[in-house]
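These are the residues of each chain, in order.
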Amino acid sequence: SFQAVTLACILASALEAHYNAPRVFAELRDENQDHTFEMVATGSYALAGIVMVVIAIAGYSTFGAASAPVILSNYHNTDALMTLSRAVVAASLSVTFPIAFVGLRDNFAKTFPTTNNRHLTIGLLATITGIALSVDDLAVLLALTGGTISTAVASVLPTIMYQKAVQRPTPI
């Protein structure tokens, strides 16, 4: 069903932290670097997955088929605990956005070199803010990015990278 596909796309976007993997790998330098990075990455993704599944099950158990894509939207605005939960989510987004943005900006600057990084930063922030202000349903945005970006990262980009890696220079 369409709802199952939407859910799968949202779940895929929830675990898109690949843009910071090289930075984390570099920070975990020691004699067992590969093993340490593997443990940190596996543990982080496993914990995030478990938390997401528990929250999804709790939300669906509470609201059933009436569950909103963002489960906090199902609760009344006067519910004090849910208001606190919304504040915690807002704080989490506020402190993690810069981490994600640095990865975006750095990779954008490498792909499209510019002489003025300040203009690049302002342009990207303006674009992201414009999109955020124009989207009413977060689930649609999450499903769209999860479906497109996750597919590209998992299927399309590795194929292109492999093709470039094994490509032989053409003789003159």
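Residues numbered from 1 in each chain as written. Predicted model: local features only at pLDDT ≥ 70, side-chain atom pairs only at ≥ 80, totals over all residues. Heavy atoms only, no water.

### Here we look at the pattern of salt bridges
No. 1: Following the criterion strictly, the structure yields one salt bridge and no others.
No. 2: A salt bridge links D106 to R105, with the shortest nitrogen-to-oxygen separation between them at 3.5 Å.
No. 3: For D106, a relative accessible area of 26% translates into the label partly exposed.
No. 4: Given the relative accessible area of 25%, R105 is considered partly exposed. (Salt bridge = Lys/Arg side-chain N within 4 Å of Asp/Glu carboxyl O. Buried < 20%, exposed > 50% of the residue type's maximum accessible area, 1.4 Å probe, protein only.)

### Observations regarding a nonpolar patch on the surface
No. 1: Taken together, I149, V153, V156, L157, I160 and M161 make up a surface patch of nonpolar side chains, about 480 Å² in accessible area.
No. 2: Tracing the sequence through the fold places M161 in helix α6 (residues 138-166). (Patch = residues over 30% accessible without salt bridge, like charges linked within 9 Å, V, L, I, M, F, W, Y side chains within 5 Å. Areas by Shrake-Rupley, 256 points an atom, 1.4 Å probe, with all protein chains shown as cover. Helix = DSSP H or I, 4+ residues; strand = E, 2+ residues; numbered from the N terminus.)

### Considerations on the environment of I149
No. 1: Tracing the sequence through the fold places I149 in helix α6.
No. 2: The spacing of I149 and C9 is 140 residues in sequence and 9.5 Å in space, taken between C-alpha atoms.

### What to know about helix α4 (residues 80-111)
No. 1: In this model, α4 (32 residues) spans 46 Å end to end at C-alpha, consistent with the 46 Å of a helix rising 1.5 Å per residue.
No. 2: Maximum bend of α4: about 30°, positioned at T96, with proline P98 one to four residues after it.
No. 3: Among the residues making up α4, those that are buried are M82, F101 and G103.
No. 4: Its buried side turned inward, α4 meets α5 (117-134).
No. 5: Between the side-chain oxygen at the start of α4 and the backbone nitrogen of L81 there is a gap of 3.1 Å, and the oxygen is on D79. (Expected span 1.5 Å × (residues − 1). Bend = angle between axes of the 7 residues up to and from the residue. Contact = heavy atoms within 4.5 Å. Polar contact = N/O pair within 3.5 Å; in protein donor to acceptor, adjacent residues only side chain to side chain.)

### A word on the packing of α4 against α5
No. 1: Between α4 and α5, whose axes approach to 11 Å, the crossing angle comes to 125°. Taken together, the axes of α4 and α5 are oblique relative to one another. Once α4 is placed against α5, the crossing between them reads as right-handed. Contacts from F97, F101, L104, R105, F108 and A109 in α4 reach N117, L120, T121, L124, L125 and I128 in α5.
No. 2: Partitioning the contact of α4 with α5 into residue classes produces nine nonpolar, two polar and one charged. (Axes fitted to C-alpha atoms, helices over the stretch in contact; angles between N-to-C directions. Parallel < 35°, antiparallel > 145°, perpendicular 65-115°, else oblique. Left-handed = near helix turned anticlockwise from the far one by under 90°. Nonpolar A, V, L, I, M, F, W, Y, C, P; charged D, E, K, R; others polar.)

### Considerations on the packing of aromatic side chains
No. 1: The final tally for this structure, using the stated rule, is three aromatic pairs.
No. 2: Here F63 and Y75 contribute two aromatic rings whose centre-to-centre distance is 5.0 Å and whose plane-to-plane angle is 80°, an arrangement assigned as edge-to-face. Of this pair, F63 sits in helix α3 (residues 33-63) while Y75 is found in the loop between α3 and α4, placing the two residues twelve residues apart along the sequence.
No. 3: You can call F63 partly exposed: its relative accessible area is 23%.
No. 4: Given the relative accessible area of 24%, Y75 is considered partly exposed.
No. 5: On the basis of an interplanar angle of 45° and a centroid distance of 4.9 Å, the ring pair of F108 and F112 is categorised as tilted. (Phe/Tyr/Trp six-rings, centres within 6.5 Å; stacked < 30°, edge-to-face > 60°.)

### Quick look at α5
No. 1: In this model α5 runs 26 Å from its N-terminal to its C-terminal C-alpha over 18 residues, within 8% of the 26 Å that 1.5 Å per residue would give.
No. 2: Of the positions making up α5, those classed as buried are L120, T121 and L124. Seen end-on, α5 carries its buried residues on one side only, within an arc spanning 100°. The exposed residues of α5 that point more than 90 degrees off its buried face are R118, H119, I122, L133 and S134.
No. 3: On its buried side, α5 packs onto α4.
No. 4: The N-cap of α5, judged by a side-chain oxygen 3.0 Å from the amide nitrogen of R118 a few residues on, is N116. (Arc of directions from axis to C-beta.)

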